[in-house]
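A look at the structure
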Amino acid sequence: MTLNETVINILAEDLGPSAKSFFARQCKAHLNKEPESITKQDLDELAKWCHNGVKLILGDDIADKVNKKILSLKSQ
Amino acid sequence: MKIKYKLFISYLLIVAVFVLAGFLINTNVANIGGANKDVAANIIIDNHAKNYEKGGSYLQTGVYLYVHDNKEMGRQHISEGTELMRTSRNGLKNSLTDPAMLADLAEIERLEDRVLEASNNIVKAADKKESAALIEQNLATLQGRVVALNLKSSVLVDKARENMESSIERSKTYGDTAIKITSYASFASVVISLLVAFVMASLLTKPLRLLTETANKVSKGDIHAKVEVSSKDEIGDLAESFKRMINAFKIMDALSREK
């Protein structure tokens, strides 16, 4: 499983079918990258933007959870 | 906990209530059985004691007939009387458990020996053709001993009757209690079962009702409706999936607004 698929799976646990679109939006708008091209070096930035985005729409709890899960991928 | 386990536990609870009710009823029925056994035992004691009296009278009649020139019939009565007393004595020995009644029986046995002794003396005197006055005197002695034997036997009869009456009374009390307990236990079992069924139905339908209400709101466009279901069963799983779906709606809505 590639890194972008792993991130989408993590996001899908709370965002359901919108995870893929949300992930693509964060990559393109904030990291200036295609979702398929993200690497472990992008995870800090990605986690931050995902946190901000989810926080605005779904609240702190889910945002914190998503942030932690994405950051945990760095050590894998 | 999964719904099937919740249902299984409710079922076990209802079964336990009915088993407990059955146990209470059974205990009382067993008590009635015990009292009835006591009644039967006392009827046997009563019969043996009466037969003892009858045996003494048979013997006395036999001796009288023997002395008054009816030896054949007299011998037969003496034999039957002796046998009847012997059988009754053994029967009482096997049936009695009360120490006081056993003491009475020991006294009766002693009197029986004395009756048999008097009877043998009269038979011997008659065979030796002793004087009529002596024989009549011995007959009077025998009669006295038979009366004493009968009086002592009647003590056993009275005690057996007393015990029988008290056992019948106990049996009646247990019967009344059994009827009451059966009524209360049946009523309580039905009430508890209904209560358990009602609580279980509420536990299962309440989260479903809440989820349906939220689904209705979302279907009418309110994607900010909250899912307030926290059960840990299949309905809880369904609620989690539904939350995820609402989150997706919210994200899609936000993304589409950005474009």
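Reference entry: report on the structure contained in this document. (Residues numbered from 1 in each chain as written. Chains lettered and ligands numbered in written order. Predicted model: local features only at pLDDT ≥ 70, side-chain atom pairs only at ≥ 80, totals over all residues. Heavy atoms only, no water.)

**Comments concerning a nonpolar patch on the surface**
Residue and element names in this part refer to chain B. A cluster of nonpolar residues, Phe-8, Tyr-11, Leu-12, Val-15 and Val-19, forms a patch on the protein surface that exposes about 480 Å² of accessible area. As for its placement among the helices and strands, Tyr-11 is situated in helix 1 (residues 3–67). Classification of Tyr-11 by relative accessible area gives exposed; the value is 53%. (Patch = residues over 30% accessible without salt bridge, like charges linked within 9 Å, V, L, I, M, F, W, Y side chains within 5 Å. Areas by Shrake-Rupley, 256 points an atom, 1.4 Å probe, with all protein chains shown as cover. Salt bridge = Lys/Arg side-chain N within 4 Å of Asp/Glu carboxyl O. Helix = DSSP H or I, 4+ residues; strand = E, 2+ residues; numbered from the N terminus. Buried < 20%, exposed > 50% of the residue type's maximum accessible area, 1.4 Å probe, protein only.)

**So, the pattern of salt bridges**
All names here are of chain B. Summed over the entire model, instances satisfying the criterion amount to 23 salt bridges over all chains. Of the charged contacts in the structure, one is a salt bridge between Lys-159 and Asp-104, with a shortest N-O distance of 2.7 Å. On the criterion of sequence distance, the pair formed by Lys-159 in helix 4 (residues 132–219) and Asp-104 in helix 3 (residues 99–127) is long-range, its members being 55 residues apart. Taking relative accessible area as the criterion, Lys-159 reaches 24% and is therefore assigned partly exposed. The exposure class of Asp-104 is buried, given its relative accessible area of 9%. Connected through shared salt-bridge partners, Asp-46, Lys-50 and Arg-161 make up one network.

**A short note on the interface of chain B and chain A**
Counting residues at the interface gives nine residues for chain B, matched by 13 residues for chain A. Surface buried jointly by chain B and chain A totals about 950 Å² across both partners, of which 71% is contributed by carbon and sulfur atoms. Viewed at the interface, chain A and chain B are joined by zero salt bridges. Looking at side-chain class alone, the side of chain B that touches chain A contains five nonpolar, one polar and three charged residues. (Contact = heavy atoms within 4.5 Å. Buried area = accessible area lost by both parts, 1.4 Å probe. Nonpolar A, V, L, I, M, F, W, Y, C, P; charged D, E, K, R; others polar.)

**Regarding the packing of helix 2 (residues 71–95) of chain B against helix 3 of chain B**
Residue and element names in this part refer to chain B. As a packed pair, helix 2 and helix 3 sit with axes 12 Å apart at the nearest point and diverge in direction by 165 degrees. For the element pair helix 2 / helix 3, the angle class is roughly antiparallel. The interaxial crossing formed by helix 2 with helix 3 has left-handed handedness. Across the interface between the two elements, Lys-71, Ile-78, Thr-82, Met-85, Arg-86, Arg-89, Leu-92 and Lys-93 from helix 2 touch Leu-105, Glu-109, Glu-112, Leu-116, Ser-119, Val-123 and Asp-127 from helix 3. (Axes fitted to C-alpha atoms, helices over the stretch in contact; angles between N-to-C directions. Parallel < 35°, antiparallel > 145°, perpendicular 65-115°, else oblique. Left-handed = near helix turned anticlockwise from the far one by under 90°.)

**Describing the layout of surface pockets**
Here the largest pocket is characterised by a volume of approximately 470 Å³. Looking at the largest pocket, it is lined by 19 residues, and the ones nearest its centre are Leu58(A), Ile62(A), Lys243(B), Asn247(B) and Lys250(B). Those elements giving two or more residues to the lining of the largest pocket turn out to be helix 1 (3–15), helix 3 (43–58) and helix 4 (60–72) of chain A together with helix 5 (234–258) of chain B. If one sorts the elements of the lining of the largest pocket by residue count, helix 5 of chain B sits on top with six residues. Counted by class, the lining of the largest pocket contains six nonpolar, three polar and ten charged residues. There is about 210 Å³ of room inside the second largest pocket. Surrounding the second largest pocket, Phe22(A), Arg25(A), Gln26(A), His30(A), Trp49(A), Asn52(A), Gly53(A), Leu56(A), Ile57(A), Ala254(B), Leu255(B) and Glu258(B) form its lining. For the lining of the second largest pocket, the elements supplying multiple residues, two or more each, are helix 2 (19–31) and helix 3 of chain A together with helix 5 of chain B. Broken down by element, the lining of the second largest pocket gets its largest block of residues, five residues, from helix 3 of chain A. Its residues assigned to classes, the lining of the second largest pocket shows six nonpolar, four polar and two charged. (1 Å grid on protein atoms, 1.4 Å probe; cavity = no way out; pocket = protein on both sides within 12 Å on 5 of 7 lines; lining within 4 Å. Points joined across faces, edges and corners; volume = space filled by probe spheres on them.)

**Remarks on the environment of Ser79(B)**
Inspection of the secondary structure puts Ser79(B) in helix 2. Taking the C-alpha atoms as reference points, Ser79(B) and Leu59(B), separated by 20 residues in sequence, lie 7.4 Å from one another.

**Some points on the side chain of Asn28(B)**
Within the element layout of this structure, Asn28(B) appears in helix 1. Residues within four places of Asn28(B) in sequence aside, it is in contact with Tyr174(B), Thr177(B), Ala178(B) and Ile181(B).

**Quick look at the packing of helix 1 of chain A against helix 2 of chain A**
All names here are of chain A. In the contact formed by helix 1 and helix 2, the axes pass within 8 Å of each other and the chain directions differ by 125 degrees. In terms of orientation, helix 1 lies oblique with respect to helix 2. Along this stretch, helix 1 crosses helix 2, giving a crossing that reads as right-handed. On helix 2, the residues that touch Asn-4, Val-7, Ile-8, Leu-11, Ala-12 and Leu-15 of helix 1 are Ala-19, Lys-20, Phe-22 and Phe-23. Per-class residue counts for the contact of helix 1 with helix 2 are eight nonpolar, one polar and one charged.

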